[in-house]
Amino acid sequence: MLEISKLVKRYGRDEPVLKELDLTVEGSSVVSIVGASGAGKSTMLRCINRLVEPTSGSIRLNGTELVTLKGRELRRARRKIGMVFQGFNLIDRLTVMENVLAGRLGYVNLFQAITRRYPQSDIERAFQLMERVGIAHYANKRADELSGGERQRVGVVRALMQEPEILLADEPTASLDPRTSEQIMKLLQSLAHELSLPVLINIHNVAQAKAYTERIVGLRHGRMIFDGAPADFGKEALDAIYGGIETAEEEITAEPGRSTQGVAHDST
Ligand SMILES: Nc1ncnc2c1ncn2[C@@H]1O[C@H](COP(=O)(O)OP(=O)(O)OP(=O)(O)O)[C@@H](O)[C@H]1O
C-alpha cells in the first residue's frame, strides 16, 4: 500500500509545486494522474522514488517511510519501486536482454554487474517476462533496432525485473502512436492484476485514463481536485482540472468513443 500524506515539494524559493498532497493506493489498482502541464504530476511520481527530494510530508510504501531514508536503506527501498519512462531510458547499444537484466542491478554485487554474470534465476525470469509481453524473440537484438512500442515493453520488463512493490509510469505512452499507446495501457492494466501490483500512471490523455485505469486523480497547481472512478470523471472534473489552461483539445477529450483518437503526440 502506498500512503502519501501532506506531501509538499518546493523547488528553491518558488511557490510549492505540491501542496500538502494526500493519496492512498491499495492493492493492484491502476491509478492515472491527470493534470495540465506543470500541475506537479512528474514531481509527485519522482518524490515517491526520491529522484526528487520532498520538502516535507510522508510517503509510506507497505509501511516503510521513504522520505527519511538515506544511503543503503534508500537504495534498498528504491529496488521496490519500478519506473517506466516516456523516453524508455534504454541503453541503445545493449541488447534487449542486457537492458532487461539492468533491472536486477540493485540485487547483484559489483562483480556480477560489471561482468554481467547474472544468476540463472534472473535470466529465466527475464525470459518469462519477455515472453509475457511478446518480446522474447528480440532478446539478442540491440535496443535501438526496436520500435517505440517494443522499446516500451523492454522498459516495462526491466521495471518488473526489480520485483517492485509498486510501478510508476511517467507518461509511458506519450512517445507512441495511438494504437501502440492503447496496447501499452492495456498491458500495464493486465500486469497490475496478474502481479497484484499497484500502478500509478501520469498521463495527459484523459480518454485513455478513463478507458484503461480504474481511478483517476486530477491535479491542479499541486493540489488534488479530483479523485474518483472514470465514470464520475465528466465535464465538471475536466473544467476544474483544465479550465482556463491552454491544452491541446484532443488530449483532454473525455468521450469514451474518442479513446482511440485522443492522443495528440506524433508516433516515433
Ligand atoms: N528541477 C526543477 N527545478 C525547478 N522547478 C521545477 C523543476 N522540476 C519541475 N519544476 C517546476 O515544477 C512545476 C511542476 O512540474 P512537473 O514536471 O511536476 O509538472 P507536470 O504536471 O508533470 O507537467 P508535464 O505534464 O508538463 O510533465 C512546473 O512549474 C515546473 O516548472
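- As annotated in an unreviewed UniProt entry, the chain carries the name Phosphonate ABC transporter ATP-binding protein and comes from Billgrantia tianxiuensis.
- UniProt, in the comment section headed Subcellular location (unreviewed entry), describes the chain in these words: "Cell inner membrane".

**Some thoughts on helix H7 (residues 178-194)**
- Under the 1.5 Å per step criterion, the end-to-end length of H7 is 24 Å for 17 residues, consistent within 8% with the ideal 24 Å.
- Of all the residues in H7, the buried ones are Pro-178, Thr-180, Ser-181, Glu-182, Ile-184, Met-185, Leu-188, Leu-191 and Ala-192.
- Where H7 is buried, its residues contact strand S3 (30-34), helix H6 (148-161), strand S7 (166-170), strand S8 (199-202) and helix H8 (206-212).
- Ser-196, located one to two residues past H7, shows a positive phi value of around 50°.

**Some points on the sheet that holds strand S1 (residues 2-9)**
- The strand order S2-S1-S4-S5 describes an open sheet built from four strands, whose pairing is antiparallel. The sheet is open, and its two borders are formed by strand S2 (18-25) and strand S5 (64-65), each paired with just one other strand.
- Where S1 lies against S2, five bridges are found, and the strand directions are antiparallel. Its bridge partner being in S2, Glu-3 is matched across the sheet by Thr-24.

**Quick notes on the pairing of strand S4 (residues 56-61)**
- Bridge count between S1 and S4: five bridges; the pairing is antiparallel. Residue pairing for S4: Ile-4 is matched across the bridge by Ile-59.
- Summarising the sheet, S4 and S5 pair through two bridges and their orientation is antiparallel. Note on S5: the bridge partner recorded for Arg-60 is Glu-65.
- Hairpin connection from S4 to S5: two residues lie between these consecutive antiparallel strands, with Asn-62 at a positive phi of about 45°.

Basis of the calculations
Residues numbered from 1 in each chain as written. Predicted model: local features only at pLDDT ≥ 70, side-chain atom pairs only at ≥ 80, totals over all residues. UniProt positions renumbered as here; feature names shortened; annotations may be inferred. Helix = DSSP H or I, 4+ residues; strand = E, 2+ residues; numbered from the N terminus. Expected span 1.5 Å × (residues − 1). Buried ≥ 20, exposed ≤ 12 C-beta atoms within 10 Å, placed from the backbone. Contact = placed C-beta atoms within 7 Å. Pairing = 2+ DSSP bridges.

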